[in-house]
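As a plain string of letters, each chain reads:
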Amino acid sequence: MIAETHTQSTTAAPAVETVVEVRNLVVGTATARLVDGVSFTVPSGRTVALVGESGAGKSVSARALMGLLPAGVEVLGGEILVNGRDVSRFNPRQWRSVRGRELSMVFQNPLRSLNPTMRVGAQIAEAVRLYDPKLGRAGERARVLELLEQVRIPDPERRLFEYPHQLSGGMRQRVVIAIALASNPRVLIADEPTTALDVTTQAQILDLLDTLQAENGMSIVLVTHDIRVAEERAHEVIVMYSGRIAETGRIGDVVRSPMMPYTRALIAAVPSFDVTPRSLLPTIPGRPPHPSQRSAGCAFAPRCPLAEARCDLAIPDVTSRPGNNGTRQQWRCFVTGKTDQPGPTGQAGASEEGEKA
Amino acid sequence: MRRMILARLASGVLVLFGVTLLVYFLVNALPGSVAAVMLGDQATEEAVSELSAQLGLDRPVIVRYFEWMGGALTGDLGKSFTSGQPVSEAILQRIPATAQLTFMALVVAIFGSVLLSVVSLSKPRGVIDRTISTSMFVLLATPNFLLGLLLVLAVAVSWSLLPSSGWTSFADDPIDNLRRAILPTLALAAGPLAMYTRLLRGDMMEQMLRSDYVVTARAKGVSERTIRLRHVLRNSLFPLLTNIGLTVGILVGGSVVIENVFGIPGLGRYLVQSIGSRDAPVVLGVVVIIATTVVIVNLLIDILYGVLDPRVRHERSNS
């Protein structure tokens, strides 16, 4: 786990290098915008969580970063800068120079994301060979074993010759992570990496990702529907709603004082141990609008307890206030958004213990 | 694995029993009798019934069936009514031509379908893909005897490239044998080729679009071509294998027609001749051979599944 060692005493922002920058990204089909004008950055060595309910566009955004959009879904506008290069209009050949090199991806269902009829060792070796074709058989094998050890798979020599169905869910996900690590990527995109696993295994896999980040300093984009996972694991959070960004900021700031009503509802819906027994858990009534049927205004307005007439007419501008460690908390809301908002702790850029420690 | 093989063999015996019983009654239900066919249309009724009695045909069908079955179980398939030749000997003479044709057709259909599917999917829904798809549909809808006749007309008659009919055994003259085998092989392979290509292309396309492991391979940076050949084709061969087992019967059935179109002295032509002359022992003998082949091929495919598919292999070794 990473403890944030730098304690700022001044208001100066820490000079964190940006690895990925998404600018005004629009992704969609012929009839609907699944991702509608999304912008965010992934700083080097940090974990950024993309949070939202199903259909919020978080997975589509993550896949767009890899150029792995499903058939019929395309990037319609905006830019995706990976180390300064705009990859959003790349052709398949150009994409192969990015995938598995600068960016790697881990998927939701570890059984389905491995080829059922190929030995685990061969599937990792394939990635190793693509990254370093001159390695030779012995070198490849050594590198595969090294990767299996890196993801803490016991008895790696034996696992080499096993098939995915012979491994447990957690082991399979470790193998998928080993494949993703084969190229020493700068960014690892983890799309709901623990949703298909049981709770204890979930924690182990997330711990593993943290450890790997501490070891080789890669950035992680963690896609999750669970804001608690984001709170435990991420440095920064991007809350998405109906294809748009609802709120972004340092995870501690957003969780402690959410500004956008959707974020507030999302945090209020997290069950806690001090609810009255037999009482109903808090929920957000209604469902998000279908991407092809969004109104001209704020997409959350129909479900929002604070909504006013103007909310249906136009999308609110970004409101921003300083957060901790020189970050900024940003959201879009007419009602809660006013200029010159004070920071969550009252003072801009105040230092604080890392939430993620 | 051994238990599976034994169970399949037992069910195979039941299949053979059922098939022979059915065919025996069908042959006997045909109008006319072998005696009438042998003696010609000038024969008196007395002569016909005398010959029938000589051949033992005056006794009940069920008695004769079990007599035949008793012989068959000891390896004696009886003698042809019309020629007096032992049935097993007559069949052995005719197996090579049929076996060669069906085997060559199967090889053409399998390799052809793999090639066509891979080429099709190099650009899904492109011109080549659509052309291949349409051609396969046309082939699937064309009866194989019609295709055979068209091939004869075009290649043998108009261009005189290959002989139109007749047969030379491979042992006598391999080159002439192959020249004569080309057209019937193509006519026989067309149907299965179309079926396998549609199946294989469809299954590969489905995997390319929906399988998560394909996305993983893309995320590694594997090229589309390598994904098609190394990941997708390999996994799609399993449904193809099942389909081959199911279509072996169709292939053998097709050879019955094709051998008659091309005048090839194989089992199929022999079967048609014997049905015409109501020669029950021969009909039954050929049916037993064909049914046994289908049962054994399907058993072999099941065993092959266990050898090739790691999922089945481990499930079986664990149970």
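Look above for the structure.
Numbering of residues starts from 1 in each chain and follows the order in which that chain's sequence is written. Whichever chain is written first becomes A and whichever ligand is written first becomes 1, with later ones labelled in order. The model is predicted, so local features are restricted to residues of pLDDT at least 70 and side-chain atom pairs to those at 80 or more, both for listing and for counting; the totals for chains, interfaces and linings are taken over all residues.

(A) Representation of the overall build of chain A within the structure. Counting from the N terminus, the helices are the DSSP runs of H or I reaching at least four residues and the strands are the DSSP runs of E reaching at least two. Within chain A one finds 10 helices and 12 strands. Across the 357 residues in chain A, those meeting the buried criterion constitute 44%. Our contact criterion uses C-beta atoms placed from the backbone: two residues qualify when those atoms are within 7 Å. When contacts within chain A are restricted to residue pairs at least 6 apart in sequence, those whose partners lie at least 24 apart make up 65%. Neighbour counting defines burial: a residue surrounded by 20 or more other C-beta atoms within 10 Å of its own C-beta is buried, one with 12 or fewer is exposed, and intermediate counts give partly exposed, using backbone-placed C-beta atoms.

(B) Spotlight on the pairing of strand E3 (residues 47-51) of chain A. All names here are of chain A. With respect to burial, E3 is a largely interior element, five of its five residues being buried. Neither face of E3 is left uncovered, since the one carrying Thr47, Ala49 and Val51 and the one carrying Val48 and Leu50 both have all their residues buried. Where E3 meets strand E8 (residues 219-224), five bridges bridge the pair, whose relative direction is parallel. Paired with Ala49 across the two strands is Leu222, which belongs to E8. If DSSP finds at least two bridges between two strands, the strands pair. Sheet analysis places E3 next to strand E9 (residues 236-241), joined by four bridges and oriented parallel. Residue pairing in the sheet places Val51 in a bridge with Val239 of E9.

(C) Spatial organisation of the sheet that holds strand E6 (residues 103-106) of chain A. Residue and element names in this part refer to chain A. Reading across from one edge, E6-E7-E8-E3-E9-E10-E12-E11 is the order of the eight strands in this open sheet, with mixed pairing throughout. Each edge of the open sheet carries a strand with a single partner, namely E6 and strand E11 (318-322). Strand-to-strand twist in this sheet, taken as the mean axis angle between neighbours without regard to direction, amounts to 20 degrees. Pairing geometry for E6 and strand E7 (residues 187-191), over four bridges, is parallel. Note on E7: the bridge partner recorded for Met105 is Ile189. Only C-alpha atoms enter the line fits that serve as axes; for helices the fit covers just the stretch in contact. Angles between N-to-C directions range over 0 to 180 degrees. Docked against the sheet, helix H6 (residues 169-181) engages E6 and E7, running at close to 175 degrees with respect to E6.

(D) Spotlight on the sheet that holds strand E4 (residues 74-82) of chain A. Residue and element names in this part refer to chain A. Strand order in this open sheet of four strands is E2-E1-E4-E5, and the pairing throughout is antiparallel. The sheet is open, and its two edges are formed by strand E2 (33-43) and strand E5 (85-86), each paired on a single side. In terms of strand pairing, E4 meets E5 through two bridges, oriented antiparallel. Its bridge partner being in E5, Leu81 is matched across the sheet by Asp86.

(E) Fine view of the interface of chain B and chain A. Contact with chain B, which involves 19 residues of that partner, is made by 26 residues of chain A. Of all the elements, helix H9 (residues 212-220) of chain B adds the most residues to the side of chain B that touches chain A, at seven residues. Three residue categories are used. Nonpolar comprises Ala, Val, Leu, Ile, Met, Phe, Trp, Tyr, Cys and Pro, charged comprises Asp, Glu, Lys and Arg, and polar comprises the others, including Gly. Of the residues in the side of chain B that touches chain A, the class split is six nonpolar, six polar and seven charged.

(F) Layout of the nonpolar core. Ranked by size, the top nonpolar core spans 153 residues in total, and within it Ala49, Ile124, Ile189, Val221 and Val239 of chain A together with Val286 of chain B carry the most contacts. By residue number, the principal contributor to this core is helix H8 (residues 174-210) of chain B, which donates 14 residues. Leave out the neighbours within four places in its chain, and Val239 of chain A touches Val51, Gly52, Ala246, Glu247, Met260, Tyr262, Thr263 and Leu266 of chain A. The nonpolar core is taken to be a set of buried Ala, Val, Leu, Ile, Met, Phe, Trp, Tyr and Cys residues joined by way of C-beta atoms within 7 Å.

(G) Region of the structure containing the environment of Gly253 of chain B. Looking at the element boundaries, Gly253 of chain B is found in helix H10 (residues 224-262). In this structure, the C-alpha to C-alpha distance between Gly253 of chain B and Leu237 of chain B, residues 16 residues apart in sequence, is 24 Å.

These values are about where atoms sit, not about what they do.
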